[in-house]
Amino acid sequence: IEEGKQYLIHNLGYLNGSNDYNNNQYIQPSGSNFGVTTRNVTDANQIWSFESDGNNGWYIYNNANNIYIGQTPAMEVGFFNVTASKISKSTTANSSTNNYTITQKQGTLNGTSTHYAVIECKNPIKTQTWWGQTYNSPYLHLFSDGSLRGWNKTDADSEPSCWEIESIDFTKKLTVK
């Protein structure tokens, strides 16, 4: 990742779950939160840049909407379930809230060994404890309803989403000879 460059952020699925390589999983703003849609490099809503937080982290910024991906919210703990809350938009970059680390990893997705990124909020909103279990949701995760939510990695069966950060460069022109 380089500051000042433009990127698309593509969900590749989960290490231990379903994987979707059909190009319908690119992050963009949706209402007061974020969702995914079909890849379109000419749609400014899908174009992101990364601003350094000065401490090995990044603010994820969408210039078209003048917004950042906000801080990951706490898990909502109910009597029979744990629910991940949607991530809200933020109008500011704040090192105590919405900065993220991006870790490159390698694993098997859809039967193929590949590189991917895990995106983790450095300061999730809060941690909730319920019946001796601590719930924290620092990971950027594509939920089954197509929304972007915080996610908790409690064990190997609850891996967060795997992301591909695609560099795009609109400053170069192709010349056909």
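The structure we're discussing is the one just above.
Figured I'd write up the structure that's included with this text.

**So, the pattern of salt bridges**
Part 1 of the argument: Under the definition given, this model contains four salt bridges.
Part 2 of the argument: The partner of R39 in a salt bridge is E166, and the shortest N-O contact between them spans 3.0 Å. Here R39, found in the loop between β3 (33-37) and β4 (49-52), pairs with E166, found in strand β16 (residues 162-168); they are 127 residues apart in sequence, far enough to count as distant.
Part 3 of the argument: Under the relative-accessibility criterion, R39 is labelled partly exposed at 37%.
Part 4 of the argument: On the basis of relative accessible area, E166 is assigned to the buried category, the value being 14%.

**Some points on the pairing of β16**
Successive residues of a regular strand alternate their side chains across the two faces of the sheet.
Part 1 of the argument: β16 sits mainly inside the fold: five of its seven residues count as buried.
Part 2 of the argument: Looking at chain direction, strand β1 (residues 6-13) and β16 are connected through seven bridges and run antiparallel. Across the sheet, Q6 pairs through a bridge with I168, a residue of β16.

**Focus: the side chain of S147**
Part 1 of the argument: Here S147 shows up in the loop between β14 (139-142) and β15 (148-151).
Part 2 of the argument: Reaching out from S147, the side chain makes a polar contact with the side chain of R149 at a distance of 2.7 Å.
Part 3 of the argument: Setting aside residues no more than four positions away along its own chain, S147 makes contact with F34, G35, K86, H141 and L142.

**Topic: unusual backbone geometry**
Part 1 of the argument: In this structure, N56 is a non-glycine residue whose phi angle is positive, near 60°.
Part 2 of the argument: Tracing the chain through its elements places N56 in the loop between β4 and β5 (58-62).
Part 3 of the argument: Assessed through its relative accessible area of 72%, N56 is described here as exposed.
Part 4 of the argument: A positive phi angle, near 55°, is found at N66, a position not held by glycine.
Part 5 of the argument: Positionally, N66 belongs in the loop between β5 and β6 (67-69).
Part 6 of the argument: A relative accessible area of 46% places N66 in the partly exposed class.

**A short note on the packing of aromatic side chains**
Part 1 of the argument: Tallied over the full model, the rule gives five aromatic pairs.
Part 2 of the argument: With a centroid separation of 5.4 Å and 80° between ring planes, the pair formed by Y7 and F50 is classed as edge-to-face. Here Y7, found in strand β1, pairs with F50, found in strand β4; they are 43 residues apart in sequence, far enough to count as distant. Across this residue pair, the class does not change: Y7 and F50 are buried.

**Thoughts on the nonpolar core**
Proteins that are soluble and globular tend to have nonpolar side chains buried together.
Part 1 of the argument: One finds I69 and L140 to be the most contacted residues of the largest nonpolar core, which totals 20 residues.
Part 2 of the argument: Broken down by secondary-structure element, the contributors of at least two residues to this core are β1, β5, β6, β11 (112-121), β14 and β16.
Part 3 of the argument: For this core, the element with the highest residue contribution is β11, accounting for three residues.
Part 4 of the argument: Those residues in contact with L140 that lie beyond four places of it in its chain are I27, I69, I87, Y100, I119, L148, R149, S161 and W163.
Part 5 of the argument: With seven residues, the next largest nonpolar core counts L12, L109, V118 and Y139 among its residues.

**Some remarks on the environment of A93**
Part 1 of the argument: Residue position: A93 is located in the loop between β9 (89-90) and β10 (100-109).
Part 2 of the argument: Taking relative accessible area as the criterion, A93 reaches 35% and is therefore assigned partly exposed.
Part 3 of the argument: Sequence-wise, A93 and I67 are 26 residues apart; in three dimensions their C-alpha atoms are separated by 8.9 Å.
Part 4 of the argument: If sequence neighbours within four positions are ignored, A93 has contacts with E51, Y59, Y68 and N98.

Cut-offs used in this document
- Every chain's residues receive numbers from 1 upward, in the order its sequence appears when written.
- It should be noted that, the model being predicted, local features are given only for residues of pLDDT at least 70 and side-chain atom pairs only at 80 or more, the latter also being counted only at that level, while totals for whole chains, interfaces and linings use all residues.
- The basis for the side-chain values is all heavy atoms of the structure; hydrogens and waters are excluded.
- Within this document, salt bridges are pairs made up of a side-chain nitrogen of Lys or Arg and a carboxyl oxygen of Asp or Glu, the two lying within 4 Å of each other.
- Here a strand is any run of E in DSSP of at least two residues, a helix any run of H or I of at least four, and the numbering for each starts at the N terminus.
- A simple rule labels every residue: compare its accessible area, found with a 1.4 Å probe on the protein chains alone, to the largest value its type can have, and call it buried under 20%, exposed over 50%, or partly exposed in between.
- Pairing between strands requires that DSSP locate at least two bridges from one strand to the other.
- Two N or O atoms count as a polar contact when they lie within 3.5 Å, although within protein this holds only if one can serve as hydrogen donor and the other as acceptor, and sequence-adjacent residues are included solely when both atoms are side-chain atoms.
- Any two residues having at least one pair of non-hydrogen atoms within 4.5 Å are treated as being in contact.
- When two rings of Phe, Tyr or Trp (its six-membered ring) have centres within 6.5 Å they constitute a pair, described as stacked for plane angles under 30 degrees, edge-to-face for angles over 60, and tilted for the intermediate range.
- In this description, a nonpolar core means a group of buried Ala, Val, Leu, Ile, Met, Phe, Trp, Tyr and Cys residues linked to one another through side-chain atoms lying within 4.5 Å.

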